[in-house]
Amino acid sequence: QPGWPGIIRAYADRIQLPEGAKVVTLHEGGTPLVASDYLSDVTGCQVYVKVEGANPTGSFKDRGMTVAMTHALASGIKAVICASTGNTSASAAAYAAKAGLTAAVLVPRGKIALGKLAQAVAHGARILQIDGNFDDCLELAAKTSAEYPITLVNSVNPVRLVGQKTAAWEICDVLGRAPDVHCLPVGNAGNITAYWRGYSDYATDGVVGSTPRMFGFQAAGAAPLVLGEPVADPETIATAIRVGSPASWTGAVTAKEQSGGLFEAVTDEKILEAYRLLASREGIFVEPASATSVAGLLATAADGRLPGGSVVVCTVTGHGLKDPDTALLGVTEVEPVPVDPGAVATALELA
Ligand code: F0G
């Protein structure tokens, strides 16, 4: 196969597969690491944005899903199940389609962004809505897979996190070093756990000489790790990270503590500000949850917790097209114009 081979083949020496497994891949990973002039100027740091919306289904979940689906297929199982705020279900649906497996997805009623639902529908997943939040969906998915022949592909499945480590490896491979600080949005906390393991692998093996401090940011209405206790009714516009009881709690705390990092909450208002700024100043359209890392970057730069001159990577986790409703908030009508160059010029204030 020509071109980027996907993360399993790109990191074949670091990702173990079952004997004789057929690799299920959509050539995920190899995503852009974009130098951000604006964010670097504002923060006095050297800021890069890892654009995970460039993955095949538009989020970082594909890194874990290629590995989870490859294992599931090799095991001889016929169906996979996941709970999701939307991106895991979109990814599971696509990779199950590719593998020829059935995907069942449990989603919280009315709380998943339109684009993600469209993806699950398009890929032919069995979509079941739960009268509850993500945490309820995950509990139900785990119980179902424990009792019936269906494999759980949420990040509590450890091979998911192996795949997600590849983002940290890619960053080090491109920069030729580890960053000083890595900023991430945190929901169910699998990704911050995986990044920290990935960076730690490279440092342990002498590929890089250091590890970054891990800065994990949560939405203020869904910030259990910041509060130090689960949140019963999480609420935020960033529906992807509307999680009250993160499954990888221990992994996230380990990442924070071992790296000398921090957890911080950012308001929906600051998330939307960062969301608009990324799109309008950097040309990077992300979904609201993804902008949480950048909102956190700006907050910690402003209050001095982010040392000036640091090399910083912010992961933006999902594509803006996932959530068209948020993009169009406050837009009622697109300006009409007559079929006439003069009218166009007048509208654009060129005349
Ligand atoms: N950003 C996006 C766009 C996400 O979809 C998620 C998680 C996160 C950040 C947080 O990552 O859970 O590893 O801390 N989405 C899950 C889902 C919960 O169901 O798609 P995390």
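Scroll up to find the structure.
Residues numbered from 1 in each chain as written. Predicted model: local features only at pLDDT ≥ 70, side-chain atom pairs only at ≥ 80, totals over all residues. Heavy atoms only, no water.

## Considerations on the pairing of strand 9 (residues 262-266)
Counting buried positions over the 5 residues of strand 9 gives 4, a clear majority of the element. Looking at chain direction, strand 8 (residues 213-219) and strand 9 are connected through 5 bridges and run parallel. Residue pairing in the sheet places A219 in a bridge with V266 of strand 9. (Buried < 20%, exposed > 50% of the residue type's maximum accessible area, 1.4 Å probe, protein only. Helix = DSSP H or I, 4+ residues; strand = E, 2+ residues; numbered from the N terminus. Pairing = 2+ DSSP bridges.)

## With respect to helix 11 (residues 249-259)
Considered for burial, the residues of helix 11 that qualify are G251, A252, A255 and S259. Projected down its long axis, helix 11 carries its buried residues within an arc of 100 degrees, all on one side. The exposed residues of helix 11 that point more than 90 degrees off its buried face are T250, E257 and Q258. Immediately downstream of helix 11, the backbone of G260 shows phi near 70 degrees, a positive value. (Arc of directions from axis to C-beta.)

## What about the nonpolar core?
In terms of nonpolar packing, the biggest core is built from 53 residues, with M69, V80, I192, Y195, Y199 and M214 touching the most fellow members. Ranked by residues supplied to this core, first place goes to helix 4 (residues 87-99) with 6 residues. Built from parts of two domains, this core gets at least three residues from each of domain 1 (7-59 + 160-327) and domain 2 (61-156). In this view, M214 contacts H182, L184, I192, Y195, W196, Y199, A255, S259, G261 and L262; residues no more than four positions away in its chain are not counted. The next biggest cluster of nonpolar side chains, apart from the first, holds 32 residues, and it includes F215, V266, A274 and L278. (Core = buried A, V, L, I, M, F, W, Y, C linked by side-chain atoms within 4.5 Å. Domains from an automatic or database assignment. Contact = heavy atoms within 4.5 Å.)

## Quick word on the sheet that holds strand 3 (residues 79-83)
Read from one edge to the other, the open sheet built from 4 strands follows the order 5-4-3-6, with strand pairing classed as parallel. Whereas interior strands pair on both sides, the edge strands pair on one side only; in this sheet they are strand 5 (126-130) and strand 6 (151-152). With 5 bridges joining them, strand 3 and strand 4 (residues 102-108) adopt parallel strand pairing. Following the sheet pairing, V80 is matched in strand 4 by A103.

## Thoughts on the environment of I171
Here I171 lies in helix 8 (residues 166-175). Judged by relative accessible area, I171 falls into the buried class, the value being 1%. A sequence separation of 113 residues divides I171 from G58, and the C-alpha atoms of the two residues are 18 Å apart. Those residues in contact with I171 that sit more than four places away from it in its chain are L33, K50, R177, P179, H182, Y195, Y199 and V313.

## A word on the side chain of E52
Mapped onto the secondary structure, E52 falls in the loop between strand 2 (46-51) and helix 3 (61-75). We classify E52 as buried; its relative accessible area is 0%. For E52, the side chain forms a polar contact with the side chain of T31, separated by 2.6 Å. (Polar contact = N/O pair within 3.5 Å; in protein donor to acceptor, adjacent residues only side chain to side chain.)

## Focus: the packing of helix 9 (residues 190-204) against helix 11
Viewed as axis vectors pointing N to C, helix 9 and helix 11 meet at an angle of 45 degrees, and their least axial separation amounts to 8 Å. Regarding the angle of helix 9 to helix 11, the classification is oblique. Note that helix 9 runs across helix 11; the crossing there is left-handed. Between helix 9 and helix 11, the residues in contact are I192, T193 and W196 and G251, A252, T254, A255, Q258 and S259, respectively. Per-class residue counts for the contact of helix 9 with helix 11 are 4 nonpolar, 5 polar and no charged. (Axes fitted to C-alpha atoms, helices over the stretch in contact; angles between N-to-C directions. Parallel < 35°, antiparallel > 145°, perpendicular 65-115°, else oblique. Left-handed = near helix turned anticlockwise from the far one by under 90°. Nonpolar A, V, L, I, M, F, W, Y, C, P; charged D, E, K, R; others polar.)

## Notes on helix 8
Of all 10 residues in helix 8, 7 are buried; the element is thus mostly enclosed. If you check which residues of helix 8 are buried, you get T166, A167, A168, W169, E170, I171 and C172. Two residues or fewer past helix 8, G176 is found with a positive phi of approximately 75 degrees.

## Description of the site of the ligand
Near the ligand lie 18 residues; those nearest to it are T85, N188, A189, N191 and T317. Within the side chain of N87, a nitrogen or oxygen atom sits 2.8 Å from an oxygen atom of the ligand. The backbone of A240 places a nitrogen or oxygen atom 3.5 Å from a nitrogen atom of the ligand. Taking 470 Å² as the accessible area of the ligand by itself, protein coverage stands at 98%. For the shell around the ligand, the secondary-structure elements that each account for two or more residues are helix 4 and helix 9. No fewer than three residues from each of domain 1 (7-59 + 160-327) and domain 2 (61-156) sit in the shell around the ligand. (Near = heavy atom within 4 Å. Areas by Shrake-Rupley, 256 points an atom, 1.4 Å probe, with all protein chains shown as cover.)

## Examining the pattern of salt bridges
The tally for this structure, following the rule as stated, stands at 14 salt bridges. The salt bridge involving R14 is made with D205; its shortest N-O contact spans 2.8 Å. Here D205 lies in the loop between helix 9 and strand 8 and R14 lies in the loop between helix 1 (7-10) and strand 1 (33-35), a separation of 191 residues in the sequence. D205 sits in the partly exposed class, given a relative accessible area of 49%. With a closest N to O distance of 2.8 Å, R177 and D180 form a salt bridge. Looking at R177, the relative accessible area reads 34%, which means it is partly exposed. Take D180: its relative accessible area is 31%, and that puts it in the partly exposed class. Linked through salt bridges whose partners overlap, the residues forming this network are K50, E52, R63 and E170. (Salt bridge = Lys/Arg side-chain N within 4 Å of Asp/Glu carboxyl O.)

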